[in-house]
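# Breakdown of the fold
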Amino acid sequence: MLALNNYLIVSAILFAIGTVGVLTRRNAIVIFMCVEMMLNAVNLTFIAFSKYLGNIDGQVFVFFVMTVAAAEAAVGLALMIAFYKNRESIDVEDVNLMKL
Amino acid sequence: METIAIPAINLAVVMPEVILSIVAMVLLLVNVFVPGKNKGYLGFLSLIGLAVTAASTVSAWGLPVLGFNGTVVQDNFAIFFKVIFLISAALAILISDRYMVQEECNQGELYPLILFATIGMMLMASGTDLMVIFLGLELLSICLYVLAGFNRASLKSNEAGLKYFLLGAFSTGFLLYGMALTYGATGSTKIQVIYSFVAGNPAVATNPLFVIGMLLIAVGFSFKIAAAPFHMWTPDVYEGAPTPITAFMSAGPKAAGFAAFIRVMIFAFPMLNAHWTQVLWILAVLTMTVGNVIALSQDNIKRMLAYSSIAHAGYALVGFTACNAQGAAGILFYMLSYAFMNIGAFAVIILIGKKGEKNGNVQDFAGLGFKKPLLAVIFSVFLFSLAGIPPTAGFIGKFYLFSAAIKSGYVGLAIIGVLNSAASVYYYLRVMVYMYMKDPTEEFDWAGATPSIAICLLACVGATLVLGIVPGVVLEWAQKAVMF
């Protein structure tokens, strides 16, 4: 049985990897995958706490997060397809029509 | 580990949301099964649905009622905010039809999406559990991603949708991580339980899990209300999204962000406000200054109003920093007046807009004062109100927010706010200089006001002036709404 800290450290590392990925990657789909990784890091945190506290709320939260992530994926990929049809690219460097 | 007890179902608490969900789902079906290219009737049906929802919402005014095992509450605070959301949805629907026909993206799904977004906002305002607030926020955000990219043929709209989606999902990650850490530190997602835990264990304020959790929640909400330095998405999304949607996004979702932000901060962590008001102080100053300074150099009118909306979030944050009843009431009042004046301004932009938003620059307003005097006067009222000049709603709102800050001893913050407000007069009046002191460079493409836009303009001008001249009744409601 691993201690709570181990789970928290792993999820914090996953979250950090996801964040760095969002900030450095250029392909919109890869960025979205990094966001999904951040959400799953959060899920791991919730479950670790839920087990540790003996409180089921955290696990219920995870179900909602997964459902919402699925809905978000549907909408996000649709937006990417719409963008691709007009621009023939999915690189965020090409999302540049409007600038400061 | 405990089992899940099925709580008593009290549908009366969520009646407005239930009604609006049914209307939205029925409209989706109507849109599919009724043939024809004209979708304006869906807007009319949505307005009826919003009116019924508003009646059901307002009738619950009075004592707070908890429901679903204390995860949602119908209190005056939520009701006031819900009225703001319903009004901004109704105004956005009124100005949608003409624009969508003109841009040839007249899909009927627009109206149900606006209604679903409104349901999300309503859940955010009445949620007393982090789970419900998260679900409301996501319902709102997912609808807004689609709405921002609604004009599929336009590359600008695609970009707006994609940018908003990527950054919105990114910020959701932070918000959720904050919620997870807060849950871990306090043992519950219910705001009431978090409150009693923090009250019973003051030592939690130095628990790193809790502090990081609170900060991450603040980051997530700051993104939604477009506070600097989390505002980078705002100008691009506001510029690229279809104009009626921009109007909607700047009024409703911003208010919803504040509703949830206030609910979590003031209700769950009231005894820690010495800590988080410091963070809010910095956010407020940054947000006002960044918004106003960059707005000074904008030519595109939608982009200018986007930066101005960042600045307005900053003014509301001043009231939040004050962290007293007057400040909270000030935010409520300000969000209501902001909905009227900002959507009104966008209605004028739609009215003189050409296909493809070809004349979206400040220079294109040249000579409007001579060609369409009435429209120019109406636009001037909105600009005066946004700049905070009496006798308009914007002045009363700002006055109330800044005096709340002074009452709590934040004199410096109030002074920075007033200076910012003075700077903002420049870019609002610049539009008026073009309207009244320059000759028109080209003919206006005047298609005439449709009845729905005329109603919207009339309501906005009326409300902006009435709230500015006799704010008493509404301010009283706002004060009653924040008596927690």
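Coordinates for the structure precede this section.
A brief structural summary. (Residues numbered from 1 in each chain as written. Chains lettered and ligands numbered in written order. Predicted model: local features only at pLDDT ≥ 70, side-chain atom pairs only at ≥ 80, totals over all residues.)

## Quick look at the overall build of chain A
For the record, the criterion: Counting from the N terminus, the helices are DSSP H or I runs at least four residues long and the strands are E runs at least two residues long. Each radius of gyration reported is based on C-alpha atoms, and the globular scaling rule is 2.2 Å times the count of residues to the power 0.38. Partly exposed residues are those falling between the two cut-offs: more than 12 but fewer than 20 other C-beta atoms within 10 Å of their own, whereas 20 or more means buried and 12 or fewer means exposed, with C-beta atoms placed from the backbone. Residues are defined as contacting one another if the C-beta atoms placed from their backbone atoms lie within 7 Å.
Secondary structure summary: chain A contains 3 helices and 0 strands in total. The order of helices and strands in chain A, counted from the N terminus, is α-α-α. For chain A, whose C-alpha radius of gyration is 17 Å, the value lies well above the compact-globule estimate of 13 Å for 100 residues. In terms of principal-axis extent, the alpha carbons of chain A reach across some 50 × 25 × 25 Å. Counting the 100 residues in chain A, one finds 33% classified as buried. Summarising the internal contacts of chain A: among those between residues at least 6 apart in sequence, 48% fall at separations of at least 24.

## Here's the deal with the nonpolar core
Rules: Put simply, a nonpolar core is buried Ala, Val, Leu, Ile, Met, Phe, Trp, Tyr and Cys residues tied into one set by C-beta atoms within 7 Å.
If you look at the biggest cluster of nonpolar residues, it comprises 222 residues, and the most contacted ones within it are Ile95, Leu332, Met335 and Ala347 of chain B. If one sorts the elements of this core by residue count, helix 14 (residues 325-352) of chain B sits on top with 20 residues.

## Some words on the interface of chain A and chain B
Inclusion rule: Put simply, Ala, Val, Leu, Ile, Met, Phe, Trp, Tyr, Cys and Pro go in the nonpolar bin, Asp, Glu, Lys and Arg in the charged bin, and everything else, Gly too, in the polar bin.
Each partner contributes residues to the interface: chain A has 36 residues there, and chain B has 35 residues. Looking at the side of chain A that touches chain B, the elements that each hand over two or more residues are helix 1 (4-24), helix 2 (28-53) and helix 3 (57-87) of chain A. Of all the elements, helix 3 of chain A adds the most residues to the side of chain A that touches chain B, at 16 residues. A breakdown of the residues in the side of chain A that touches chain B according to their chemical character gives 26 nonpolar, 7 polar and 3 charged.

## Brief notes about the environment of Asp75 of chain B
Residues and elements named next belong to chain B. Structurally, Asp75 can be placed in the loop between strand 2 (72-74) and helix 3 (76-94). Look at Asp75 and you get buried, because 22 C-beta atoms sit within 10 Å. Distance in space between the C-alpha atoms of Asp75 and Met15 is 13 Å, their sequence separation being 60 residues.

## Comments concerning unusual backbone geometry
Cis geometry marks the peptide bond from Ala228 of chain B to Pro229 of chain B, where omega comes out at 0°. Mapped onto the secondary structure, Pro229 of chain B falls in the loop between helix 9 (208-224) and helix 10 (233-240). Residue Pro391 of chain B is reached from Pro390 of chain B by a cis peptide bond, and omega for that bond is 5°. Checked against the element boundaries, Pro391 of chain B lands in the loop between helix 16 (373-387) and helix 17 (393-407). The phi angle at Glu88 of chain A is positive, at roughly 55°, despite the residue not being glycine. Examined against the element boundaries, Glu88 of chain A turns out to sit in the segment after helix 3.

## Considerations on the packing of helix 7 (residues 155-186) of chain B against helix 9 of chain B
Residue and element names in this part refer to chain B. Formally: Structural elements are reduced to axes, namely lines fitted to C-alpha atoms, with helices fitted over the stretch in contact, and the angle between N-to-C directions of any two is expressed from 0 to 180 degrees. Should an angle fall under 35 degrees it is taken as roughly parallel, and over 145 as roughly antiparallel, whereas 65 to 115 is taken as roughly perpendicular and any remaining angle as oblique. Crossing handedness is read from the near helix: turned anticlockwise from the far helix by less than a right angle, it gives a left-handed crossing, and turned clockwise, a right-handed one.
Interhelical geometry of helix 7 versus helix 9 gives an angle of 150° and a closest axis separation of 7 Å. Considering their axes alone, helix 7 and helix 9 lie roughly antiparallel with respect to each other. For the crossing formed where helix 7 meets helix 9, the hand is left-handed. Note on element contacts: helix 9 touches helix 7 through Leu209, Phe210, Ile212, Gly213, Met214, Leu216, Ile217, Val219, Gly220 and Phe223, opposite Ser171, Thr172, Phe174, Leu175, Tyr177, Gly178, Met179, Leu181, Thr182, Gly184 and Ala185. Of the residues in the contact of helix 7 with helix 9, the class split is 14 nonpolar, 7 polar and no charged.

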